[in-house]
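Structural features, examined
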Amino acid sequence: MLAARRLRHLNALSAGRVLSTPPSPLPSPPAFRRGIHASGAASGKWEDFKEGKWPKVLSLEAAINHDITEENYKERWKVVPPANLVQVSAGGIYCFSMWTIPMTTALGVVAPAAADWSVASVLPAFSAAAIGMGVTAMTLGGWIEKSGPRLAGVVGAVCWGTGLATCGLAVETHSLPLLYAGYSALGGVAWGMLYLSPVDSIMKWFPDRRGLATGITLSAFGIGATISPTIIQSLLDLYSVAPEFVGPAAEVALETLADGSQVIAPGASDGGLVGREVVVATAAQAAKSGLGEGVYLVGTGSTGAGPAFATLGAMYGTTAAVASRYCQLPPDGWKPKGFISDETSTAGLSMGLTKSQAMGTTSSKLLWLSVFGQATGGLALISSSKIMMADIWATQLPDLVTPAFATTYVTVVGAATAGG
């Protein structure tokens, strides 16, 4: 209809005549208008997200609890459990050593195959995660403060759950870059967010007991590191599959290839297995899986690391996200009954320094070096605790230092972290 009117108008112009009613402009297609509207809405939501205002249920404003007043200030203890649950979920990142052996024997299962990752290739993943945590705290600390514990916690939970699932995919596809993407990149961001947001919120509820509040919250991180070894080992046991046994090493003819792998030699009695890659497990190696020494086919079993990573990601990601949803903040200026701030103290007061000026002070540099020294020693032990115990003491005290003993040692390290 509109097209016909426009055509008549053009014909009239060419004939020197002007119609009294010019044609109406063609309207924009509905789909085009919807596209513009959707694009604008998405842009607006992204801006609100950066400001900590979207989604509303996770916004800073939604996290503020106006029901706890100065008079009923003891009710503030109710906000502690959700914050602690967030920390417990994040504490599992300390248990990297529980994954080292399953990841480095993913193909051979009972012993490392030629194509299995080396310990030296996977250990830096934890160090990179620690660096990622520091970078996250430095670059996103302001956003975490602005967005509040709910939004920051849920974002951290998504990163943590997705990161662990990515690690599971890395093991299943034997992709080392995916391992670093999951544990180092996503895990580092999650570590920073899930570590900082609960501490920040709890300290605001306890201006009169900052040390106690921080200690209680951070001890939950240690509790997470304490319970995670048992959970991880249970998952590994659940999903592990024993490889196919070929026979005693003395009875199987083997050939070593140029890449270091061993295959069943052409003269073997079982011609159906000729050329198949195998590993030769010693009694000590096989005992870790509850098997006997001998020759095992590569690729016929599983350490269970892949599905265990994915399951743990679902567990910890969900727990941290739900707990973050119930984290709360006090209103601005809130204080417990009877609390009088010490005006002579510099704690929590502005010193009149910008961030760059503060970073340039001698005190800041010395504090950084102090924390760096403590973290270097502590994280080096935490990241390698199980394999250190197995490699150093298992050969000396084989009856005592069993896989279960090594797992218990990791648990004790986590408990010591919580106690400290």
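Since the model is a prediction, treat every value here as computed from it, not as a measurement. (Residues numbered from 1 in each chain as written. Predicted model: local features only at pLDDT ≥ 70, side-chain atom pairs only at ≥ 80, totals over all residues. Heavy atoms only, no water.)

**Some thoughts on the side chain of S184**
Here is the rule: Helix and strand definitions here come from DSSP, where helices need a minimum of 4 consecutive H or I residues and strands a minimum of 2 consecutive E residues; each element is numbered from the N-terminal end. The cut-offs for exposure are 20% and 50% of the maximum accessible area for each residue type, with area from a 1.4 Å probe on protein chains only; residues under the lower value are buried, those over the upper are exposed, and the others partly exposed. Under this definition, polar contacts are N or O atom pairs within 3.5 Å; protein pairs additionally need one hydrogen-donor-capable and one acceptor-capable atom, and for neighbouring residues in sequence, both atoms have to be side-chain atoms. What makes two residues a contact is simply this: any of their non-hydrogen atoms within 4.5 Å.
Summarising the element assignment, S184 is placed in helix α8 (residues 176-205). Note on S184: relative accessible area 6%, which makes it buried. Separated by 2.8 Å, the side chain of S184 and the backbone oxygen of A125 make a polar contact. Residues within four places of S184 in sequence aside, it is in contact with A125, A128, A129 and L179.

**Section: the nonpolar core**
Inclusion rule: Residue types Ala, Val, Leu, Ile, Met, Phe, Trp, Tyr and Cys, when buried and joined through side-chain atoms within 4.5 Å, form a set referred to as a nonpolar core.
Y94, M103, Y183 and W191 are the most contacted members of the largest nonpolar core, which totals 46 residues. Looking at this core, the elements with two or more residues in it are α4 (80-90), α5 (97-104), α7 (124-173), α8, α9 (210-239), α11 (305-325), α13 (362-393) and α14 (403-419). Looking at this core, the element that brings in the most residues is α7, giving 12 residues. Not counting residues up to four positions away in its chain, the partners in contact with W191 are I93, Y94, F126, A129, A130, M133, F221 and L379. Of all hydrophobic cores here, the second largest spans 9 residues; its members include V80, A83, I202 and F206.

**With respect to a nonpolar patch on the surface**
Where we set the bar: Each patch is assembled from residues with relative accessible area greater than 30% and no salt bridge, linking like charges that lie within 9 Å and nonpolar side chains (Val, Leu, Ile, Met, Phe, Trp, Tyr) that lie within 5 Å. Only the protein chains shown count as cover for residues, and the accessible areas themselves come from Shrake-Rupley with a 1.4 Å probe. Should a side-chain nitrogen of Lys or Arg be within 4 Å of a carboxyl oxygen of Asp or Glu, the pair is scored as a salt bridge.
A contiguous nonpolar patch, built from L366, W368, L369 and F372 and spanning about 470 Å² of accessible area, is present on the exposed surface. Within the fold, W368 resides in helix α13. We classify W368 as exposed; its relative accessible area is 52%.

**Overview of the pattern of salt bridges**
Side chains carrying opposite charge are able to pair once their charged atoms draw close together. All told, the structure shown has 7 salt bridges when counted by the stated rule. The residue K146 makes a salt bridge to E51 at a minimum N-O spacing of 3.9 Å. Placement of K146 in helix α7 and of E51 in the loop between α2 (30-50) and α3 (60-63) is noted, with a sequence separation of 95 residues between them. Its relative accessible area of 38% is what places E51 among the partly exposed residues. Salt bridges sharing common partners tie together E145, D200 and K204.

**Details of α9**
The following threshold applies: Working rule for helices: expected span equals 1.5 Å times residues minus one. Two axes define the bend at a residue: one fitted to the seven residues ending there, one fitted to the seven starting there, and the bend is the angle between them.
End to end, α9 covers 43 Å across 30 residues, agreeing with the expected 44 Å (1.5 Å per residue, within 8%). Of all the bends in α9, the largest measures some 35° and sits at S228, one to four residues before the proline P229.

**Topic: the packing of aromatic side chains**
The condition that has to hold: Centres within 6.5 Å make a pair out of two Phe, Tyr or Trp rings, where for Trp the six-membered ring is used; the pair is then stacked when the planes are under 30 degrees apart, edge-to-face when over 60, and tilted otherwise. Any Lys NZ or Arg CZ that is within 6 Å of a ring centre and within 35 degrees of that ring's normal is treated as a charge sitting over the ring.
Per the counting criterion, the structure on display carries 13 aromatic pairs. Considering the side-chain rings of F96 and F126, the 6.1 Å spacing of their centres and the 35° angle between planes classify their relative orientation as tilted. One end of the pair, F96, is in the loop between α4 and α5; the other, F126, is in helix α7, and 30 residues separate them in sequence. In terms of burial, F96 and F126 fall into one category: buried. With centroids separated by 5.8 Å and ring planes inclined at 40°, the aromatic side chains of F126 and W191 adopt a geometry described as tilted. A residue pair is termed long-range when its members are at least 10 positions apart, and F126 in helix α7 and W191 in helix α8 qualify at 65 residues. F126 gets classed as buried once you look at its relative accessible area, which sits at 1%. Taken together, the aromatic side chains of Y94, F96, F126, W160, Y183, W191, Y195 and F221 make up a single cluster linked through ring pairs. R325 extends its terminal NZ or CZ atom over the ring of Y326, reaching a point 5.0 Å from the ring centre.

**Here we look at α4**
The element α4 is largely enclosed, with a buried count of 9 among its 11 residues. Listed as buried for α4 are V80, P82, A83, N84, V86, Q87, V88, S89 and A90. Packing partners of the buried residues in α4 comprise α7, α8, α9 and α11.

**A short note on the pairing of strand β4 (residues 277-281)**
Stated precisely, the cut-off is as follows: For two strands to be treated as a pair, DSSP must find no fewer than two bridges joining them.
Here strand β3 (residues 262-264) pairs with β4 via 2 bridges, running antiparallel. Note that in β4 the partner of V263 across the bridge is E277. Note that β4 and strand β5 (residues 294-297) share 4 bridges and pair antiparallel. Within β5, the position partnered with V278 by the bridge is L297.

**Quick notes on the environment of A185**
By secondary structure assignment, the location of A185 is in helix α8. A C-alpha to C-alpha distance of 9.0 Å links A185 and A125, two positions 60 residues apart in sequence.

**A look at the packing of α4 against α9**
Heads up, the condition is: Between N-to-C directions, angles cover 0 to 180 degrees, with each direction set by a line fitted to C-alpha atoms, over the stretch in contact for helices. By definition in this entry, angles of less than 35 degrees are roughly parallel, angles greater than 145 are roughly antiparallel, angles of 65 to 115 are roughly perpendicular, and the rest are oblique. In this scheme, a crossing is called left-handed if the near helix is turned counterclockwise away from the far one by less than a right angle; it is called right-handed if the turn is clockwise. Gly falls in the polar group here, along with every residue not listed as nonpolar (Ala, Val, Leu, Ile, Met, Phe, Trp, Tyr, Cys, Pro) or charged (Asp, Glu, Lys, Arg).
One way to put it is that α4 packs onto α9 with a least axis distance of 7 Å and a crossing angle of 40°. Here α4 is positioned oblique relative to α9, judged by the angle of their axes. Helix-helix and strand crossings are classified by hand; for α4 and α9 the assignment is right-handed. In this structure, α4 uses V80, N84, Q87, V88 and A90 to contact α9, whose residues at the interface are I216, T217, L218, A220, F221, I223, G224 and I227. When its residues are assigned to classes, the contact of α4 with α9 shows 9 nonpolar, 4 polar and no charged.

Nothing here speaks to function; it is geometry throughout.
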